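So the chains spell out like this:
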Amino acid sequence: MADETAAGANPANAQPAPSFNLIGQYIRDLSFENPGAPGSIMLGGPNPQFNVGINTDVKKQSDDIYAVEISLNAKAEREKNVLFNVELIYGGVFRMKNIPENNLAPLLFIECPRLIFPFARQVLASVTQQGGFPPLMMEPVDFNAIYMQKLRQMQAQQAAPADVPPQVN
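Residues numbered from 1 in each chain as written. Predicted model: local features only at pLDDT ≥ 70, side-chain atom pairs only at ≥ 80, totals over all residues. Heavy atoms only, no water.

> Mind showing me how you'd approach the sheet that holds strand 2 (residues 49-60) here?
Where strands meet in a sheet, backbone hydrogen bonds hold them as pairs that are either parallel or antiparallel. Read across the sheet, four strands follow the order 1-4-3-2 without closing on themselves; strand pairing throughout is antiparallel. Here the strands that pair on one side only, and so sit at the sheet edges, are strand 1 (19-33) and strand 2. Averaged over all pairs of adjacent strands, the angle between strand axes in this sheet comes to 15°, irrespective of strand direction. Pairing geometry for strand 3 (residues 65-78) and strand 4 (residues 81-97), over 14 bridges, is antiparallel. The partner of Ile 65 across the bridge, within strand 4, is Arg 95. (Pairing = 2+ DSSP bridges. Helix = DSSP H or I, 4+ residues; strand = E, 2+ residues; numbered from the N terminus. Axes fitted to C-alpha atoms, helices over the stretch in contact; angles between N-to-C directions.)

Structural data, given as structure tokens:
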């Protein structure tokens, strides 16, 4: 009886399976300002206005290791008085193995932030609560929309120099 292998299952030509793993998480920067304390936590009045911003960044550390960071900025104001201002940069270190090049950017800018966002959200809620306010609970974030926005901005920046005629001095 001959030793037969299934068509296309030649171990010598087998491609290693793609994988990505979260190696660790960290807080790179955390700032909480409560400029009106203690008066700001004792004041009543209308509901505060919140302004929350979010951004993502990726930094290659080595061949298959990437640091993915989420920057959160949250500010609460009431009647033009700042109640609190929080800045948080929360990151995760990911190992990417055998990921096709065309899948790498969406994985780094969409899926990786989606994995670490709940932890960053918890830090934000905890620090606002420890600052004397109700915990700030961010809504889920559409990291795909943030990624698409970044792509459009990059495309616009690349197209802009081509649209401007060279200047002659």
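> Whenever I open this one, the side chain of Asn 85 confuses me. Can you help?
Mapped onto the elements of the fold, Asn 85 is located in strand 4. For Asn 85, a relative accessible area of 18% translates into the label buried. Contact partners of Asn 85, with chain neighbours within four places excluded, come to Ser 31, Phe 32, Glu 33, Ala 74 and Lys 75. (Buried < 20%, exposed > 50% of the residue type's maximum accessible area, 1.4 Å probe, protein only. Contact = heavy atoms within 4.5 Å.)

> What exactly am I supposed to notice about the packing of aromatic side chains here?
Aromatic ring pairs: the centre-centre distance and the angle between the two ring planes describe each pair. Enumeration according to the criterion identifies six aromatic pairs in this entry. Centre to centre, the rings of Phe 20 and Phe 94 are 6.5 Å apart; their planes meet at 40°, and the pair counts as tilted. Residue Phe 20 is found in strand 1, and its partner Phe 94 is found in strand 4; the two are separated by 74 residues along the sequence. Judged by relative accessible area, which is 0%, Phe 94 ranks as buried. For the pair Phe 109 and Tyr 147, a centre-to-centre distance of 5.9 Å together with 25° between the ring planes defines the contact as stacked. Pair noted here: Phe 109 is in helix 2 (residues 101-130) and Tyr 147 is in helix 3 (residues 143-163), with a separation of 38 residues, a long-range link. On the accessibility criterion, Phe 109 (19% relative accessible area) is buried. (Phe/Tyr/Trp six-rings, centres within 6.5 Å; stacked < 30°, edge-to-face > 60°.)

> Explain the confidence of the model for the chain to me, please; I cannot follow it from the model alone.
Caution applies to low-pLDDT parts of the model: their predicted coordinates are not meant to be read in detail. The pLDDT averaged across the chain works out to 86; a share of 86% of its residues lies at or above 70. Per-element confidence in the chain ranges from a low mean pLDDT of 75 for helix 1 (residues 39-42) to a high of 96 for strand 1. Taken together, the stretch residues 3-8 has pLDDT below 50 and engages in zero contacts with residues farther than four places along the chain or on a different chain. (pLDDT = per-residue confidence, 0-100.)

> For this particular structure, what's the right way to read unusual backbone geometry?
Backbone geometry follows two general trends: most residues other than glycine have a negative phi, and most peptide bonds adopt the trans configuration. With omega at 0°, the peptide bond leading from Ala 37 into Pro 38 counts as cis. For Pro 38, the position within the fold is in the loop between strand 1 and helix 1. Not every positive phi belongs to a glycine, and Glu 79 is a case in point at roughly 50°.

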